[in-house]
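# Residue-level structural notes
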Amino acid sequence: MDLRSFIRDVPDFPKPGIIFKDITPLLKSTEAFQRTIDSLAEPFRGNRVTAVAGIESRGFIFGAAVARALGAGFIPIRKPGKLPWTTRRHEYVLEYGSDALEIHDDAVAPGDRVLIIDDVLATGGTAVAATQLIRGFGSQLVGLATVIELTFLDPRTKLQGLEVHTLIQY
Ligand code: AMP
């Protein structure tokens with residue numbers, strides 16, 4: 001199955017010059033969605049992942065399903081001000097603007113083995129912020145998986161030493 005055919009390019013969204021990778025056709029397809037979740041989880045089976053951390057907001061959709069596929073729990077990494085408990089924060093720069101991510105203070109336990117999931121790996125800024133948050137707990141970061149990788153933005157140079165798995169490359 002060619003997952004690429006389920007990604008819709010939306011030019012100039014959310015601002016001019018950005019080609020937004022719309023994953024909603026992929027989510028809507030029973031087969032494509034199942035294949036995506038299986039393919040995201042596959043390399044990490046046997047890695048004893050205990051928790052999947054999903055990045056708001058599309059990382060929640062894929063992350064929760066991958067957590068279920070791996071028999072792991074789910075940790076939300078959210079935009080500032082959304083989490084109700086005490087949080088840790090990391091500031092970062094992304095393809096269109098700058099932002100910060102937060103995680104609950106008690107989200108990760110010392111023995112956890114964490115896999116990070118998002119929809120798109122673009123500049124890698126968001127992914128780096130998420131890895132810093134997880135590593136800040138001193139727990140094991142097993143890897144990072146995304147549906148789409150924008151290779152022309154060279155995100156992997158920022159993520160050296162980490163197991164990075166992506167399904168569709170542009
Ligand atoms: P970055 O930090 O530059 O790697 O950007 C990754 C984050 O921004 C992900 O959470 C994506 O959801 C979002 N993102 C960045 N670029 C795009 C794009 N071209 N299409 C859709 N989402 C994107």
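Anyway, here's the lowdown on the structure attached to this text. (Residues numbered from 1 in each chain as written. Predicted model: local features only at pLDDT ≥ 70, side-chain atom pairs only at ≥ 80, totals over all residues. Heavy atoms only, no water.)

### Details of the overall build of the protein chain
Helix and strand counts for the protein chain come out as four helices and nine strands. Each helix and strand of the protein chain, placed in order from N terminus to C terminus, yields the pattern β-β-α-α-β-α-β-β-β-β-α-β-β. Radius of gyration (C-alpha) of the protein chain: 15 Å, near the 15 Å computed for a compact globule of 170 residues. Along the longest, intermediate and shortest principal axes, the C-alpha atoms of the protein chain span 40 × 35 × 30 Å. Going through the 170 residues of the protein chain one by one, you find that 47% of them count as buried. (Helix = DSSP H or I, 4+ residues; strand = E, 2+ residues; numbered from the N terminus. Rg over C-alpha atoms; globule rule 2.2 N^0.38 Å. Buried < 20%, exposed > 50% of the residue type's maximum accessible area, 1.4 Å probe, protein only.)

### Observations regarding the nonpolar core
If you look at the biggest cluster of nonpolar residues, it comprises 26 residues, and the most contacted ones within it are Val49, Val52, Phe62, Val66, Leu70 and Leu115. Contributing elements (two or more residues each) for this core: α2 (30-41), α3 (58-70), β7 (113-121) and β8 (140-149). The greatest single-element share of this core, amounting to five residues, is contributed by α3. Excluding residues within four positions of it along the chain, Val66 makes contact with Ile37, Leu40, Ala41, Val52, Leu115 and Ile117. Counting 24 residues, the second-largest nonpolar core is a separate cluster that includes Ile55, Ile77, Ala129 and Ile134. (Core = buried A, V, L, I, M, F, W, Y, C linked by side-chain atoms within 4.5 Å. Contact = heavy atoms within 4.5 Å.)

### Let's talk about unusual backbone geometry
That bond from Phe13 to Pro14 is cis: its omega, 0°, falls within 30 degrees of zero. Its location among the elements puts Pro14 in the loop between β1 (8-11) and β2 (19-22). Going from Glu56 to Ser57, the amide bond is cis rather than trans, its omega being -5°. In this fold, Ser57 is placed in the loop between β3 (51-55) and α3. Here Asp12, not a glycine, exhibits a phi torsion of approximately 60°, which is positive. Non-glycine residue Asp154 carries a positive phi angle of around 55°. Note that Asp154 resides in the loop between β8 and β9 (164-169).

### A word on the packing of aromatic side chains
Going through the model one piece at a time under the given rule, you end up with three aromatic pairs. When the centroid spacing of 5.1 Å and the interplanar angle of 85° are considered together, the rings of Phe13 and Phe20 count as edge-to-face. Above the plane of the ring of Tyr170 lies Lys21, whose end atom (NZ or CZ) is 3.6 Å from the centre. Taking NZ or CZ as reference, Arg88 lies 3.9 Å from the ring centre of Phe137, over its face. (Phe/Tyr/Trp six-rings, centres within 6.5 Å; stacked < 30°, edge-to-face > 60°. Lys NZ or Arg CZ within 6 Å of the ring centre and 35° of its normal.)

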